[in-house]
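Read off the chains here:
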Amino acid sequence: MKTAITELFGIQHPIIQGGMHYVGFAELAAAVSNAGGLGIITGLTQKTPELLAKEIARCRDMTDKPFGVNLTFLPSFTAPPYPEYIAAIKEGGVRIVETAGRSPEQYMPVLKAVGIKVIHKCTSVRHSLKAEKIGCDAVSVDGFECGGHPGEDDIPNMILLPRAADELKVPFVASGGMADARSLVAALAMGAAGMNMGTRFIATKEAPVHPNVKKALVEATELDTRLVMRALRNTERVLKNKGVDQLLKIEREKANTLKIQDIQEQVAGVYPKVMVDGDMDAGAWSCGMVVGLISDIPTVKELIDRIMAGAELIIRQRLTGFLDGDEAQKPVRAVA
Ligand SMILES: Cc1cc2nc3c(=O)[nH]c(=O)nc-3n(C[C@H](O)[C@H](O)[C@H](O)COP(=O)(O)O)c2cc1C
């Protein structure tokens, strides 16, 4: 399948693995790129720019295909040295950067100067248009369903994607709630040129996280995510657990007086406890509603291959079948 996104990034399939804290290590990024998608290393999971440089080199050892690095500009307890991280990306020869959170505007000149392609993750049409205006090559349009930070507008992808299609000139991928062939075809139908998946990629053999995390994803349903930090205007969609129950209790008690310090125990330093130690009740970690569509732990290649094969089947048989008048009764029960 060829789309504006496969052409822009030089990849075989229009499927991107979004940056994920403590998940987006070289193993996963390389597996996704080797399977024909675009794998992305999460820059800030590497505690220093030097460690990011090593992670990039490790990924290059595992794949000769294009891969990217995610740079997230979110409120954090201590601001990371972004220029040094960008230097590590440049010197590591990485030519694709996924930015997220605040606008990457101040870093665009230095990224563009070396020909790095930038895809910015946005949760609204206005932010997507801003990304286009400042020179981003593509946008990842992240609907309210998404794992992580859905923003504060709460617009799901059924609305957000066609709105983005009506306004954007640069290509965009659908992000949030994407899991399978059905997601991809729906995203393409709504104007996207591919899809970005986060949560689905955690439940794969290559994702370098504790087996408890993958088991929790297979067991959870679409009813099991919660929104936290709303009062701080830093909303995050996370998987419900005992730590999150406690966090929500504090949020209810503090209401509009909530400060980040009140919930530090439930949000800071949680990722290594969950992803490395497998402590599933440690606190808030991002997870999308799409968890309700995850029922197995395939290899990345199996997942991507079945998405692409399933998408072809839906397009060639189900959709054209409707036009030919002979497919109306067949359900599409794709395995996510
Ligand atoms: C565990 C986890 C950690 C994430 N960490 C980051 C991150 O550090 N930076 C970022 O830009 N997005 C992060 N995301 C968001 C993903 O890149 C992606 O946009 C999102 O998961 C898409 O929604 P989905 O989970 O429904 O596929 C994270 C998502 C998950 C599930």
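Residues numbered from 1 in each chain as written. Predicted model: local features only at pLDDT ≥ 70, side-chain atom pairs only at ≥ 80, totals over all residues. Heavy atoms only, no water.

Overview of the environment of Leu-111
Tracing the backbone shows Leu-111 in helix H5 (residues 108–113). Relative accessible area serves as the criterion here: at 1%, Leu-111 is assigned to the buried category. For the pair Leu-111 and Ile-315, spaced 204 residues apart in the sequence, the C-alpha separation amounts to 37 Å. Here Leu-111 is in contact with Ile-86, Val-97, Ile-116 and Val-118, once residues within four sequence places are set aside. (Helix = DSSP H or I, 4+ residues; strand = E, 2+ residues; numbered from the N terminus. Buried < 20%, exposed > 50% of the residue type's maximum accessible area, 1.4 Å probe, protein only. Contact = heavy atoms within 4.5 Å.)

A short note on a nonpolar patch on the surface
On the surface, Met-1, Ile-315, Leu-319 and Phe-322 cluster together into a nonpolar patch covering about 320 Å² of accessible area. Residue position: Ile-315 is located in helix H14 (residues 300–324). (Patch = residues over 30% accessible without salt bridge, like charges linked within 9 Å, V, L, I, M, F, W, Y side chains within 5 Å. Areas by Shrake-Rupley, 256 points an atom, 1.4 Å probe, with all protein chains shown as cover. Salt bridge = Lys/Arg side-chain N within 4 Å of Asp/Glu carboxyl O.)

Examining the nonpolar core
Core analysis: the biggest nonpolar cluster contains 82 residues, and Ile-89, Phe-201, Met-275 and Trp-285 have the highest contact counts within it. In terms of residue count, H14 provides more of this core than any other element does, seven residues in total. (Core = buried A, V, L, I, M, F, W, Y, C linked by side-chain atoms within 4.5 Å.)

Considering the pairing of strand S3 (residues 67–73)
Among the seven residues in S3, six count as buried, and that is most of the element. Relative to S3, strand S2 (residues 39–42) is paired through four bridges, and the arrangement is parallel. Pairing of Gly-39 across the sheet is with Phe-67, part of S3. Handedness of the crossover joining S2 and S3 through helix H3 (residues 49–62) is recorded here as right-handed. Judged from the five bridges that link them, S3 and strand S4 (residues 96–101) form a sheet pairing that is parallel. Each bridged residue has a counterpart across the sheet, and for Phe-73 the counterpart in S4 is Gly-101. (Pairing = 2+ DSSP bridges. Right-handed = clockwise from strand over helix to strand, strands pointing away.)

Description of the sheet that holds S2
Strand order in the open sheet made by the eight strands is S1-S8-S7-S6-S5-S4-S3-S2, with parallel pairing throughout. Both edges of this open sheet fall to strand S1 (15–17) and S2, since each of them pairs with a single strand only. Neighbour to neighbour, the strand axes of the sheet diverge by 30° on average, direction disregarded. Note: strand S7 (residues 172–175) against strand S8 (residues 195–197), two bridges, orientation parallel. For Ser-175, the partnering residue across the bridge sits in S8 and is Asn-196. This element, helix H6 (residues 125–133), spans strand S5 (117–122) and strand S6 (138–142) of the sheet and lies at about 165° to S5. (Axes fitted to C-alpha atoms, helices over the stretch in contact; angles between N-to-C directions.)

Some words on the state of the cysteines
With the rule as written, the count across this model stands at zero disulfides. For the unlinked cysteine Cys-122, the closest cysteine sulfur is that of Cys-136, found at 7.1 Å. Accessibility expressed as a relative area gives 2% for Cys-122, which makes it buried. Of the cysteine sulfurs around Cys-287, a residue in no disulfide, the closest is that of Cys-146, at 11 Å. Overall, the relative accessible area of 1% leaves Cys-287 in the buried class. (Disulfide = S-S within 2.5 Å.)

Regarding the site of the ligand
Near the ligand you find 24 residues, and of these Gly-19, Thr-72, Lys-121, Gly-198 and Thr-199 are the closest. Between the ligand and His-21, the relevant distance is 3.0 Å, taken from a nitrogen atom to a main-chain nitrogen or oxygen of the residue. Between an oxygen atom of the ligand and a side-chain N or O atom of Asn-70, the distance comes to 3.0 Å. For the ligand, whose free accessible area comes to 600 Å², the fraction covered by protein is 94%. (Near = heavy atom within 4 Å. Polar contact = N/O pair within 3.5 Å; in protein donor to acceptor, adjacent residues only side chain to side chain.)

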